[in-house]
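Residue-level structural notes
Listed below, chain by chain, are the residues.
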Amino acid sequence: MIEIKPFYTCKYDKAFKEIMMKEENFNILKKVLETILKVSIQEIKLQPLNLPTGNIHIKGKEVDLLVITEQGKIEVNTYCNDYVRTRNFSYITSIYNNQVTVGEKYNEDTNIIQINLNYGVKDTEYKRIYKVRDETGKEYIKNFCIYEINMEKLKEIWK
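In this report, the structure presented in the accompanying data block is examined. (Residues numbered from 1 in each chain as written. Predicted model: local features only at pLDDT ≥ 70, side-chain atom pairs only at ≥ 80, totals over all residues. Heavy atoms only, no water.)

All right, on to the overall build of the chain then. If you tally the helices and strands in the chain, you get four helices and eight strands. If you list the helices and strands of the chain from N to C, you get α-α-β-β-β-β-β-α-β-β-β-α. Counting the 159 residues in the chain, one finds 36% classified as buried. Residue pairs in contact within the chain that sit at least 24 positions apart in sequence constitute 62% of those at least 6 positions apart. For the chain, the accessible surface area stands at approximately 10900 Å², while carbon and sulfur atoms represent 54% of it. (Helix = DSSP H or I, 4+ residues; strand = E, 2+ residues; numbered from the N terminus. Buried < 20%, exposed > 50% of the residue type's maximum accessible area, 1.4 Å probe, protein only. Contact = heavy atoms within 4.5 Å. Areas by Shrake-Rupley, 256 points an atom, 1.4 Å probe, with all protein chains shown as cover.)

We now examine the nonpolar core. Membership of the largest hydrophobic core comes to 22 residues, with the highest contact counts inside it found for Leu29, Leu33, Ile74, Val76, Ile115 and Leu117. For this core, the secondary-structure elements that each account for two or more residues are helix H1 (13-20), helix H2 (26-37), strand E4 (65-69), strand E5 (72-79), strand E6 (112-118), strand E8 (139-150) and helix H4 (151-158). A total of five residues in this core trace back to one element, the largest contributor, which is H2. Once you skip the residues sitting within four places of it in the chain, Leu29 turns out to touch Met20, Ile44, Leu65 and Val67. Among the nonpolar cores identified, the runner-up in size contains seven residues, and Leu66, Ile92, Ile141 and Phe144 belong to it. (Core = buried A, V, L, I, M, F, W, Y, C linked by side-chain atoms within 4.5 Å.)

Tallying each qualifying case throughout the model produces two aromatic pairs. Relative to Phe144, the ring of Phe89 has its centre 6.3 Å away and its plane inclined at 85°; by these criteria the two rings are edge-to-face. In this pair, Phe89 sits in helix H3 (residues 84-97) while Phe144 sits in strand E8, placing the two residues 55 residues apart along the sequence. What makes Phe89 partly exposed here is its relative accessible area of 43%. Judged by its relative accessible area of 7%, Phe144 falls in the buried class. Relative to Phe144, the ring of Tyr96 lies with its centre 5.5 Å away and its plane at 85°, an arrangement referred to as edge-to-face. With Tyr96 in helix H3 and Phe144 in strand E8, this pair connects stretches of sequence that are 48 residues apart. Grouped by ring-pair contacts, the aromatic residues Phe89, Tyr96 and Phe144 constitute a single cluster. (Phe/Tyr/Trp six-rings, centres within 6.5 Å; stacked < 30°, edge-to-face > 60°.)

Here the focus is unusual backbone geometry. At Lys38, a position not held by glycine, the phi torsion is positive, near 55°. Mapped onto the fold, Lys38 is located in the loop between H2 and strand E1 (45-46). Lys38 gets classed as exposed once you look at its relative accessible area, which sits at 62%.

Right, let's get into H2. Spanning twelve residues, H2 covers 16 Å between terminal C-alpha atoms, matching the ideal 16 Å at 1.5 Å per step. In the segment just after H2, Lys38 is the residue with positive phi, at about 55°. (Expected span 1.5 Å × (residues − 1).)

Take the sheet that holds E4 next. Across the sheet, six strands lie side by side as E1-E4-E5-E6-E8-E7; this open sheet has mixed pairing. The sheet is open, and its two edges are formed by E1 and strand E7 (127-133), each paired on a single side. The sheet contact formed by E1 and E4 spans two bridges and is antiparallel. When the sheet's bridge partners are listed, Lys45 is paired in E4 with Ile68. (Pairing = 2+ DSSP bridges.)

Next comes the structure, spelled out in structure tokens:
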């Protein structure tokens, strides 16, 4: 009798974190980031997953993965339904907000990037890139970007 072992994907937080947050697997994480962002990454540094709220009345925030590369600060999420878009947006804006500390000038030197690996989202595109810009395409903020990857659509393309 052949023993069938379960096959785990990174569809859920625990498996995703177990794989991507281990230094010996940074080559996998690096390849995923480079493929999505279309860049070359030399170094990856893990950041704390708990985002400071600065207020006891504000719900705590823990991201799936937050890394620093020469491309900027990158938050990576994996999720299975649309309701977390609002939550993920609040997380990335919190990261953006925490870039500026008292006494520093505002600047756009550090890119703040969020990558959402989505499952169960109905969309015809495998990748969408969201930026802050007006209806003519003029960027309001150049260093803020959200990538939404439709994993089911991507799986169809791979087949």
